[in-house]
Amino acid sequence: MNKILKLTIFVLVVLALLSQAEVIYISNTSATDSIVATRLADQIEQIREDNIDLQSKILTNASFQSIASRAATLGFSDSKDFVSVYTPMPIALGR
């Protein structure tokens, strides 16, 4: 065989090996990117669920505050006194 044929075969083998190495590298990179993207998607979903829970809590608190302010406007007040009936009432005795 002449030198040109040997050189051509050598170059083709080297190119084939380099192209296989590149394919392996690209495959590993895309697999790693896919894992990272999956983790990010899971984190985004968790944050969305947390946001929904927080919005619900905010709306509940706002509702309670709204009810309390309306009650105060209407004259209702928060009674701190403890009321208890120790003696039976006449209505309760009649039944």
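Structure: see above.
This structure is a prediction, so every number in the text was calculated from the model and none was measured.

Chemist: So what exactly am I meant to see when it comes to the overall build of the protein here?
Modeler: A tally of regular secondary structure across the protein gives two helices and zero strands. For the protein, the residues scored as buried account for 0% of the 95 residues in total. Carbon and sulfur atoms provide 65% of the accessible area of the protein, an area that totals close to 9200 Å².

Chemist: Explain a negative patch on the surface to me, please; I cannot follow it from the model alone.
Modeler: Together, D42, E45, E49, D50 and D53 give the surface a local cluster of negative charge. Position of E49 relative to the elements: it lies in helix α1 (residues 3-73).

Chemist: What am I meant to see in a nonpolar patch on the surface here?
Modeler: A contiguous nonpolar surface patch, about 680 Å² in accessible area, is contributed by L7, F10, V11, L12, V14, L15 and L18. Mapped onto the elements, L7 comes out in helix α1. The exposure class assigned to L7 is exposed, which follows from its relative accessible area of 54%.

Chemist: Help me understand the environment of T73, please; the structure alone is not making it clear to me.
Modeler: Positionally, T73 belongs in helix α1. A relative accessible area of 68% means that T73 is categorised as exposed.

Parameters at a glance
- In this numbering scheme, every chain counts its residues from 1 along its sequence in written order.
- Two thresholds apply to this predicted model, a pLDDT of at least 70 for residue-level local features and 80 or more for giving and counting side-chain atom pairs, whereas whole-chain, interface and lining totals are computed over all residues.
- The side-chain figures draw on all heavy atoms in the structure; neither hydrogens nor water molecules are used.
- Put simply, DSSP marks the helices as runs of H or I at least four residues long and the strands as runs of E at least two long, and each gets a number from the N terminus on.
- A simple rule labels every residue: compare its accessible area, found with a 1.4 Å probe on the protein chains alone, to the largest value its type can have, and call it buried under 20%, exposed over 50%, or partly exposed in between.
- For the accessible areas, the method is Shrake-Rupley and the probe is 1.4 Å, while residue cover comes only from the protein chains on display.
- Candidates for patches are residues over 30% relative accessible area with no salt bridge; among them, like charges are joined within 9 Å and nonpolar side chains (Val, Leu, Ile, Met, Phe, Trp, Tyr) within 5 Å.
- For this document, the term salt bridge refers to a Lys or Arg side-chain nitrogen within 4 Å of an Asp or Glu carboxyl oxygen.
- We count Lys and Arg on the positive side and Asp and Glu on the negative side, and we leave His and both chain ends out.
- Throughout, a charge is located at the NZ atom of Lys, the CZ atom of Arg, the CG atom of Asp or the CD atom of Glu.

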